[in-house]
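# A structural walkthrough
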Amino acid sequence: MNQLRKLAASKLPGTEADPTVIDRLRVLEAAGHIRVLIPPARVDCDDRMRQGAAIVFEIMPRGWKALRAGAPQEEAPLLFLQRAAPAARPKAASVAQELAQIDAWLSGTRRRSGG
């Protein structure tokens, strides 16, 4: 959700070329929080995958609602690994928490090169 906060504080449309941030943008788009154009990755002449810059157009109403709900920080522990009986939560807070957990998980993964 930190990425969503950064987008809210920046002037849109904006571009982002960092592959890690682009992965976070994919998560936010899948949750319906932003409208973004992410070009497909391609194999370059040196047989390496290249990702073009993403263009973030806007924060959708669902994204603004998640920000107003006080969505948890990315650094929050991954509660889905320690899941007990789910407590009743408002839907927006539940979606925001799940999104933060997915985002934190994605930011902790590293891609390996080679074959």
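Residues numbered from 1 in each chain as written. Predicted model: local features only at pLDDT ≥ 70, side-chain atom pairs only at ≥ 80, totals over all residues. Heavy atoms only, no water.

## Structural notes on the overall build of the chain
Put simply, the rule reads: Helix and strand assignments come from DSSP, with helices taken as H or I runs of at least 4 residues and strands as E runs of at least 2, each series counted from the N terminus. Exposure classes here rest on a 1.4 Å probe applied to the protein chains alone. A residue is buried below 20% of its type maximum, exposed above 50%, and partly exposed in between. Working rule for contacts: check all heavy atoms of both residues, and any pair within 4.5 Å makes them a contact. In these tables, accessible area is a Shrake-Rupley quantity obtained with a 1.4 Å probe, and a residue counts as shielded only by the protein chains included in the view.
Each helix and strand in the chain was counted, giving four helices and five strands. Ordering the α and β elements of the chain from the N terminus gives α-β-α-β-β-β-β-α-α. Counting only residues that meet the buried cut, the chain has 29% of its 115 residues in that class. For the chain, long-range pairs separated by at least 24 residues make up 63% of all intrachain contacts whose partners lie at least 6 apart in sequence. Accessible surface, the chain as shown: approximately 7,700 Å² in total, 55% of it carbon and sulfur.

## Observations regarding the side chain of His 33
When you line up the elements, His 33 lands in the loop between helix H2 (19-30) and strand E2 (34-37). Residues within four places of His 33 in sequence aside, it is in contact with Met 1, Leu 4, Leu 28, Ile 59, Met 60, Arg 62, Gly 63, Ala 66, Val 95 and Leu 99.

## Some words on the pairing of strand E5 (residues 54-59)
In regular strands, side chains alternate between the two faces of the sheet. Rule in force here: Strand pairing follows a simple DSSP-based rule, namely that at least 2 bridges must link the two strands.
Pairing of strand E1 (residues 14-16) with E5 involves three bridges; the strand directions are antiparallel. Its bridge partner lying in E5, Thr 15 is registered against Ile 55. With four bridges connecting them, E2 and E5 associate as antiparallel partners. Residue pairing in the sheet places Ile 34 in a bridge with Ile 59 of E5.

## Focus: the sheet that holds E2
Here is the rule: Interaxial angles span 0 to 180 degrees and are taken between N-to-C directions of axes, which are lines fitted to C-alpha atoms, for helices over the stretch in contact.
The strand order across the open sheet formed by three strands is E1-E5-E2, and the pairing between neighbours is antiparallel. Sheet topology places E1 and E2 at the edges, where each strand pairs with a single neighbour. This sheet shows a mean twist of 35° between the axes of neighbouring strands, independent of strand direction. Across the sheet, helix H1 (residues 2-9) is in contact with E2 and E5; its angle to E5 comes to roughly 80°.

## As for the environment of Leu 12
Looking at where Leu 12 falls in the secondary structure, it is placed in the loop between H1 and E1. Among residues more than four places away in sequence, those in contact with Leu 12 are Leu 7, Val 56, Phe 57, Glu 58 and Ile 59.

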